[in-house]
Amino acid sequence: MALHKIGDEDGARFDDVYASPLSGRELAKLRIGEQPHDPAVVYQLIHDELDLDGNAAQNLATFCTTWNDPLVHTLMNENMNKNMIDKDEYPQTAEIESRCVNILADLWHAGRDAAAVGCSTTGSSEAGMLGGLALKWRWRARRKADGKPADRPNLVCGPVQVCWEKFARYFDVELRQVPLLDDATGLRPEQLRDYVDENTIGVVAILGVTFTCDYEPVKAIAAELDAIQRDTGLDIPIHIDGASGGFIAPFIQPELEWDFRITRVSSINTSGHKYGLAPLGVGWIVWRSAEDLPEELVFRVDYLGGDMPTFALNFSRPGSEVIAQYYLLLRLGREGYRRVQQACSDTAAWLADQVAAMGPFTMLYSGRGALPALSYTLSDPGEAGFTLYELSDELRMRGWQVAAYPLPPRRQETVIHRVLIRHGISTDKAALFARDLRDAVAHLRNPREGRPIAFHH
Ligand SMILES: *Cc1c(COP(=O)(O)O)cnc(C)c1O
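Cut-off values and rules
- Residues numbered from 1 in each chain as written.
- Predicted model: local features only at pLDDT ≥ 70, side-chain atom pairs only at ≥ 80, totals over all residues.
- Heavy atoms only, no water.
- Helix = DSSP H or I, 4+ residues; strand = E, 2+ residues; numbered from the N terminus.
- Rg over C-alpha atoms; globule rule 2.2 N^0.38 Å.
- Buried < 20%, exposed > 50% of the residue type's maximum accessible area, 1.4 Å probe, protein only.
- Contact = heavy atoms within 4.5 Å.
- Phe/Tyr/Trp six-rings, centres within 6.5 Å; stacked < 30°, edge-to-face > 60°.
- Lys NZ or Arg CZ within 6 Å of the ring centre and 35° of its normal.
- Core = buried A, V, L, I, M, F, W, Y, C linked by side-chain atoms within 4.5 Å.
- Polar contact = N/O pair within 3.5 Å; in protein donor to acceptor, adjacent residues only side chain to side chain.
- Near = heavy atom within 4 Å.
- Areas by Shrake-Rupley, 256 points an atom, 1.4 Å probe, with all protein chains shown as cover.
- Nonpolar A, V, L, I, M, F, W, Y, C, P; charged D, E, K, R; others polar.
- Salt bridge = Lys/Arg side-chain N within 4 Å of Asp/Glu carboxyl O.
- UniProt positions renumbered as here; feature names shortened; annotations may be inferred.
- Pairing = 2+ DSSP bridges.
- Axes fitted to C-alpha atoms, helices over the stretch in contact; angles between N-to-C directions.
- Domains from an automatic or database assignment.
- Buried area = accessible area lost by both parts, 1.4 Å probe.

1. Notes on the overall build of the protein
Okay, so step 1: When helices and strands are tallied, the protein shows eleven helices and 15 strands.
Okay, so step 2: For the protein, whose C-alpha radius of gyration is 25 Å, the value lies close to the compact-globule estimate of 23 Å for 457 residues.
Okay, so step 3: Once the C-alpha set of the protein is aligned to its principal axes, its extents read approximately 80 × 65 × 45 Å.
Okay, so step 4: Burial status across the protein gives 53% buried among its 457 residues.
Okay, so step 5: Considering only intrachain contacts with a sequence separation of at least 6, the fraction spanning at least 24 residues in the protein is 69%.

Here you go:
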């Protein structure tokens, strides 16, 4: 929308954004300007600046939603001024939040007696911190009841997302990150005994490891903690970081037991804005029962003359993301989510086969059994003639964004690529990516041949 009727500015009339005074200079970067400007001009200039960002639809590095149903936009527009915290002013938004919690608790097999409690958050980071805080408070209460010191809490986990490092630092908990075994991509049960002790507030198991996208073996981890309890008396709860998997497993791996079916699992977080398919800005946490969430962490706000318990790090927050989440749950239902996630998963498996057949790569995860994604490494980094970092740069020339990074400790020497397939990435788009990946490899191996242009094959 470059052409508009534009009002008076500096006494002159213009009818083209790019002939206006504001477009003839750099935008304010350090200090607020003195004068107002025509909104259509300002809109267009900001819009143009943001074209410099990467194209979200070609961002294969993110887990987050990059495609939204048009009606999601409509509902969000209508509700963007509703504050999630003002439960008395916006009681229906509050009600919708609690319906989503109930639906998630049910999807995660919390049981039909509605004992589970939970809330929305800004994402899995905040949700994880709330889960960690509940674990810390419960552990401290147990220690105090036993007359034992409660000043050195630790949390045991595998290769967690950075939010758990933040939790540990911000809330004074020692993070015992178990290093990876040689051929493992996550925490393995046989490692636990060396890391847990009486100061362990909980174990975090990840459903969808950020680095490689496979699942940690929750059931086996729980069984090992059962064995540890039998041998030592330590009763250590599990929190599941299901940032991605919390919205995948219930739909396409329904037989997999990872959730409240396992009694040791006390809380689960997920990102509504990842495979929950909601737009950015919503996460969820659910506790098995009110006993798993210490009362001291819950704040009461007035709610239509009654009181409404809240647990959050933020105060004000938009209600529209939560409303969008509810729309998606209603709109898709179990079968709709199943089809969307299965389509992504099939595309990921198809792309993994393509990548595996290219030659230089060894797959770490081939898109089957966990998240709709793939991860791979160079089979022989010394012989390949290029690094995965260079390959990412090369792909970027075609607009694709693919994360290249080293695995976590004890496997840091292994650099990997991770490709996420989300709602909005069709098999056709994956095929275009596969072609560009093949061409990028060819070009890196033989730069003198020039970069292939995209209109062949
Ligand atoms: C993305 C992610 C997080 C952080 O979630 P946000 O919703 O981005 O705050 C935490 N844990 C895992 C495993 C993740 O993939």
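Back to the write-up after that little detour.
2. Some thoughts on the packing of aromatic side chains
Okay, so step 1: On inspection of all chains with the given rule, the structure shows nine aromatic pairs.
Okay, so step 2: An angle of 75° between the planes, with centres 6.1 Å apart, marks the rings of Trp-164 and Phe-167 as edge-to-face. Here Phe-167 and Trp-164 lie together in helix H5 (residues 162-170), a separation of three residues that amounts to about one turn.
Okay, so step 3: Relative accessible area serves as the criterion here: at 0%, Trp-164 is assigned to the buried category.
Okay, so step 4: Under the relative-accessibility criterion, Phe-167 is labelled buried at 0%.
Okay, so step 5: Joined through ring pairs, the aromatic side chains of Trp-164, Phe-167 and Phe-171 make up one cluster.
Okay, so step 6: Above the face of the Trp-137 ring, Arg-140 is positioned so that its terminal group lies 4.4 Å from the ring centre.
Okay, so step 7: The cationic tip of Lys-274 hangs over the ring face of Phe-63; the distance from NZ or CZ to the ring centre is 4.7 Å.

3. Focus on the nonpolar core
Okay, so step 1: Among the nonpolar cores identified, the biggest contains 61 residues, and Leu-192, Val-203, Leu-225 and Ile-240 are the most heavily contacted of them.
Okay, so step 2: For this core, the leading source of residues is helix H8 (residues 320-357), giving nine residues.
Okay, so step 3: The contacts of Ile-240, once residues within four sequence positions are left out, are Ala-205, Leu-207, Val-218, Trp-258, Val-265, Ser-267, Ile-268 and Asn-269.
Okay, so step 4: Within the second largest apolar cluster, 30 residues are counted, among which are Leu-374, Phe-386, Leu-391 and Phe-433.

4. Thoughts on the side chain of Gln-325
Okay, so step 1: Within the secondary structure layout, Gln-325 lies in helix H8.
Okay, so step 2: We classify Gln-325 as buried; its relative accessible area is 1%.
Okay, so step 3: Side-chain polar atoms of Gln-325 contact the side chain of Trp-284, separated by 3.1 Å.
Okay, so step 4: Setting aside residues no more than four positions away along its own chain, Gln-325 makes contact with Cys-100, Phe-247, Gly-272, Gly-276, Ala-278, Val-282, Trp-284 and Tyr-337.

5. Some points on the site of the ligand
Okay, so step 1: Close to the ligand lie 13 residues, the nearest being Ser-125, Asp-241, Ser-271, His-273 and Lys-274.
Okay, so step 2: Here Ser-271 contributes a side-chain N or O atom positioned 2.8 Å from an oxygen atom of the ligand.
Okay, so step 3: Take His-273: an N or O atom from its side chain is 2.7 Å from an oxygen atom of the ligand.
Okay, so step 4: Protein chains bury 89% of the 370 Å² of accessible surface belonging to the ligand in isolation.
Okay, so step 5: When the residues that make up the shell around the ligand are grouped by side-chain class, the tally is three nonpolar, eight polar and two charged.

6. Comments concerning the pattern of salt bridges
Okay, so step 1: In the structure shown here, the tally under the stated rule is 20 salt bridges.
Okay, so step 2: Across the pair Glu-26 and Lys-29 runs a salt bridge, and its minimum N-O distance is 2.9 Å.
Okay, so step 3: Lys-29 sits in the exposed class, given a relative accessible area of 59%.
Okay, so step 4: Within this structure, Glu-174, Arg-176 and Asp-197 form a network of salt bridges that share partners.

7. What to know about the UniProt feature "modified residue: N6-(pyridoxal phosphate)lysine" (unreviewed entry) in the protein
Okay, so step 1: In this structure's numbering, the residues bearing the UniProt feature "modified residue: N6-(pyridoxal phosphate)lysine" (unreviewed entry) are Lys-274.
Okay, so step 2: The topology assignment puts Lys-274 in the loop between strand E8 (265-271) and strand E9 (283-287).
Okay, so step 3: Residue contacts for Lys-274: discarding those within four places in its chain leaves Phe-63, Cys-64, Thr-65, Ala-243 and Ser-244.

8. Comments concerning the sheet that holds strand E13 (residues 373-378)
Okay, so step 1: Ordered in space as E12-E13-E15-E14, the four strands form an open sheet in which the pairing is antiparallel. The two strands at the open ends of the sheet, each matched to only one other strand, are strand E12 (361-365) and strand E14 (403-406). Strand-to-strand, the axes of this sheet are offset by a mean angle of 30°, without reference to chain direction.
Okay, so step 2: Where helix H10 (residues 388-396) meets the sheet, its contacts fall on E12, E13, E14 and strand E15 (415-420), and the angle it forms with E15 comes to roughly 35°.

9. A look at unusual backbone geometry
Backbone phi values are negative for most residues with the exception of glycine, while trans is the configuration of most peptide bonds.
Okay, so step 1: A positive phi angle is found at His-109, which is not glycine, with a value near 60°.
Okay, so step 2: For His-109, the position within the fold is in the loop between helix H3 (91-107) and strand E3 (117-121).
Okay, so step 3: Phi angles above zero are rare outside glycine, and Arg-410 is one such case at about 75°.

10. Thoughts on the domain arrangement of the protein
Okay, so step 1: According to the domain assignment, the protein consists of domain 1 (74-328) and domain 2 (335-445).
Okay, so step 2: Each of domain 1 and domain 2 has a C-alpha centre, and these two points are 29 Å apart.
Okay, so step 3: The interface of domain 1 with domain 2 comprises 27 residues on the first partner and 27 residues on the second.
Okay, so step 4: Between domain 1 and domain 2, a total of about 2,300 Å² is buried, with carbon and sulfur atoms accounting for 67% of that surface.
Okay, so step 5: It is Phe-211, Cys-213 and Tyr-275 that lose the most area in domain 1 upon contact with domain 2, and together they represent 28% of the buried surface on that side.
Okay, so step 6: Run the count over domain 1 and domain 2 and you get 15 residue pairs in polar contact (both at pLDDT 80 or more).
Okay, so step 7: Of all the elements in the fold, those that place two or more residues in the side of domain 1 that touches domain 2 are helix H7 (249-252) and H8.

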